[in-house]
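Residues per chain, in single letters:
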Amino acid sequence: MKQLLALFFARNKEYYRDKGSLTWSFIMPPLIIAVVSLAFSGGEKPLFKVGYFPENAELPSAFQQVDYIQPIAIEKSDSAFTKIRHHQIDILLDLSGTQEYWVNPQSQRGAILQALLAQGDSATPENWQTNSLAGRQVRYIDWAIPGILSMNLMFSGLFGVGYVIVRYRKNGVLKRLQATPVSPLNFLGAQILSRLVIMLIVSVLVYIASDFFLDFLMLGSYLNLLLVAILGNVCILSLGLIIASRLASEELANGLLNFLTFPMLLLSEIWFSLDGAPEWMVTASDFLPLTHMVQAARAIMLEGAGLADISQHLLILIGMTIAFLTIAANLFKWRSD
């Protein structure tokens, strides 16, 4: 019994001295609950999405003061028509005076809105010019796959570089490398390049294998998608280097890496959209590199966006990468002492 109790108390001490475990057990779950609660605190979502232009136009009476309809001001552009084709909005109204609308004939919600529009006080079927835009519906898996692949790159980037380098420092590997002609730049560059190549190959193979069975919607360029993956992965790897720059405690590194991953998992729209979330939460997500990686990849796949359309996300990723690398380079030490 004494041996059992001794081992029991020793294991308990080991646990509460493990900062990573404490972070995971006592801090992360309440944070997850709070973030998810705030993100979905906006009440029940409207059933229908009605796009219209111009922005200052007045909606038809049939669509006014109706709780189950969400009006969305949108510019008349190819992206607006793409949203109709892929069921992302249910009807698109031209309210500039022509009384024209676009609807997907395969959309049941669009058909309901057509009937509702025809029954309005000032609208009859002959008053409106109907345009049909057929297209394939964007499934949840089509929407989620950019986030899933980006999440995989994030975990590999942070833990595959940050955690490994901390272990090298703790085990004395970096101390030995310091005595060789290897420079910090070459060492860190090799770490980034190795992880980048491995994860790009893994991501490409996973995408190809999954696409064979699920047939993902892909409207843009695969080269543009690859560019986003490279820039996003390098940015995440650079962030991991900051954690790895000085630490020699694997437990502390594990806790800090978990602290970085969970905000990105919850706020970067990997599994759910932040539509309807508090404005401060949406603003906070813009400071996370994974957000720009996911949004750029999603725009390419679901909207056929080109480099010009996602240039803002690319520039932010480049800027973050430069900032992270600068911080990591200034903090980096071969030894923990």
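Check the entry above for the structure.
Residues numbered from 1 in each chain as written. Predicted model: local features only at pLDDT ≥ 70, side-chain atom pairs only at ≥ 80, totals over all residues. Heavy atoms only, no water.

## Some remarks on helix α5 (residues 140-170)
End to end, α5 covers 43 Å across 31 residues, agreeing with the expected 45 Å (1.5 Å per residue, within 8%). Trailing α5 by a residue or two, G172 shows a phi angle of about 85°, which is positive. (Helix = DSSP H or I, 4+ residues; strand = E, 2+ residues; numbered from the N terminus. Expected span 1.5 Å × (residues − 1).)

## Regarding the packing of α5 against helix α8 (residues 222-244)
Running from N to C, α5 and α8 cross one another at 30°; their axes reach a closest spacing of 8 Å. Relative to α8, the element α5 lies roughly parallel. In the packing of α5 onto α8, the handedness of the crossing is right-handed. On α8, the residues that touch L153, M154, G157, L158, V161, G162, I165, V166 and R169 of α5 are A229, N233, I236, L237, L239, G240, L241, I243 and A244. Partitioned by chemical class, the residues of the contact of α5 with α8 number 13 nonpolar, 4 polar and 1 charged. (Axes fitted to C-alpha atoms, helices over the stretch in contact; angles between N-to-C directions. Parallel < 35°, antiparallel > 145°, perpendicular 65-115°, else oblique. Left-handed = near helix turned anticlockwise from the far one by under 90°. Contact = heavy atoms within 4.5 Å. Nonpolar A, V, L, I, M, F, W, Y, C, P; charged D, E, K, R; others polar.)

## A few points about the packing of aromatic side chains
Taken as a whole and judged by the stated rule, the model has 2 aromatic pairs. For the ring pair Y207 and Y222, a centre distance of 6.1 Å and an interplane angle of 80° mean the geometry is edge-to-face. Of this pair, Y207 sits in helix α7 (residues 184-214) while Y222 sits in helix α8, placing them 15 residues apart in sequence. Since its relative accessible area comes to 10%, Y207 is described here as buried. (Phe/Tyr/Trp six-rings, centres within 6.5 Å; stacked < 30°, edge-to-face > 60°. Buried < 20%, exposed > 50% of the residue type's maximum accessible area, 1.4 Å probe, protein only.)

By themselves, these observations are geometric and do not establish any function.
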